[in-house]
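Survey of secondary and tertiary structure
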Amino acid sequence: MNPTEQSRLAAEICRLAPVVPVLVIDDLAHAKPLAEALVKGGLPALEVTLRTACALDAIRAMAEVPGGVVGAGTLLTPADVKAAKAAGAKFGVSPGATDRLLDACAEYELPLLPGAATASEIMALLEKGYTVQKFFPAEQAGGAPYLKSIGSPIPQVSFCPTGGISLKNARNYLGLKNILCVGGSWVAPKDAMAKGDWAAITTLAAEAASLR
């Protein structure tokens, strides 16, 4: 799957809702009810970060939830890509981009949101055919003002910014022409997951889904 096709599919996923939950799952038992709660609230695209021992099993469990589109985040190596695809991930997200990682996504046919934080990184990915990219770490790298500025010389690229985004500042990003969606963890707070308060998470998801 070439970068152009990856970006086409990534754009479709990004347009499903204004927010993609960025999820760190420590307890596998939380995976399925968490996905159900988020999808019920109107957030079907879910990014499970590969930062915990049960992340791949969580992807497998969440992939069974009707209406959900589950992806794998924190892809760093070709092995991560292979494992994520095998677990049922429909898309991948990486904090940056290397040639080996990009080659693996092409080989295993996993649509990738490759990370970029500078004009040169954005241009290098665009040169390869990636017109949809992750902007990370969003707030630390310049935030919405930076993305607004970069949209003038590089209008071909659309973004899913992630990092430091919350309900308070999400609209600053979503109001920009070159933003498809934002990624955020605020819709799945650890305390609500620990208590199994899935209704609270559904409420947060519905609030996020109504941001535009």
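Here is a short report on the structure shown in this document. On a predicted model such as this, the values are computed, not experimentally measured, just so you know. (Residues numbered from 1 in each chain as written. Predicted model: local features only at pLDDT ≥ 70, side-chain atom pairs only at ≥ 80, totals over all residues. Heavy atoms only, no water.)

1. Regarding the layout of surface pockets
Its boundaries defined by the atoms lining it, the largest pocket holds a volume of some 310 Å³. Taken together, 23 residues form the lining of the largest pocket, with Val22, Leu23, Val24, Arg51 and Ser185 sitting closest to its centre. Elements represented by at least two residues in the lining of the largest pocket include exactly strand S1 (19-23), strand S2 (45-49), strand S9 (182-184) and helix H9 (190-195). Considering only residue class, the lining of the largest pocket consists of 10 nonpolar, 9 polar and 4 charged. (1 Å grid on protein atoms, 1.4 Å probe; cavity = no way out; pocket = protein on both sides within 12 Å on 5 of 7 lines; lining within 4 Å. Points joined across faces, edges and corners; volume = space filled by probe spheres on them. Helix = DSSP H or I, 4+ residues; strand = E, 2+ residues; numbered from the N terminus. Nonpolar A, V, L, I, M, F, W, Y, C, P; charged D, E, K, R; others polar.)

2. A closer look at the packing of aromatic side chains
What the rule picks out here adds up to 2 aromatic pairs. Taking 5.4 Å as the distance between ring centres and 10° as the angle between the ring planes, the aromatic pair formed by phenylalanine 135 and tyrosine 146 counts as stacked. On the criterion of sequence distance, the pair formed by phenylalanine 135 in strand S7 (residues 132-135) and tyrosine 146 in helix H7 (residues 143-150) is long-range, its members being 11 residues apart. Seen from their ring centres, phenylalanine 135 and phenylalanine 159 are 6.3 Å apart, and the 75° between their planes marks the pair as edge-to-face. Here the residue phenylalanine 135 occupies a position in strand S7, and phenylalanine 159 occupies one in strand S8 (residues 158-161), the gap between them amounting to 24 residues. In this pair, the class of phenylalanine 135 matches that of phenylalanine 159, namely buried. Through successive ring pairs, a cluster of aromatic residues spans Phe135, Tyr146 and Phe159. The aromatic ring of phenylalanine 136 is capped on one face by lysine 134, whose charged end is 4.5 Å from the ring centroid. (Phe/Tyr/Trp six-rings, centres within 6.5 Å; stacked < 30°, edge-to-face > 60°. Buried < 20%, exposed > 50% of the residue type's maximum accessible area, 1.4 Å probe, protein only. Lys NZ or Arg CZ within 6 Å of the ring centre and 35° of its normal.)

3. A short note on the sheet that holds S7
With parallel pairing, 3 strands are arranged side by side in an open sheet as S6-S7-S8. Each edge of the open sheet carries a strand with a single partner, namely strand S6 (115-116) and S8. (Pairing = 2+ DSSP bridges.)

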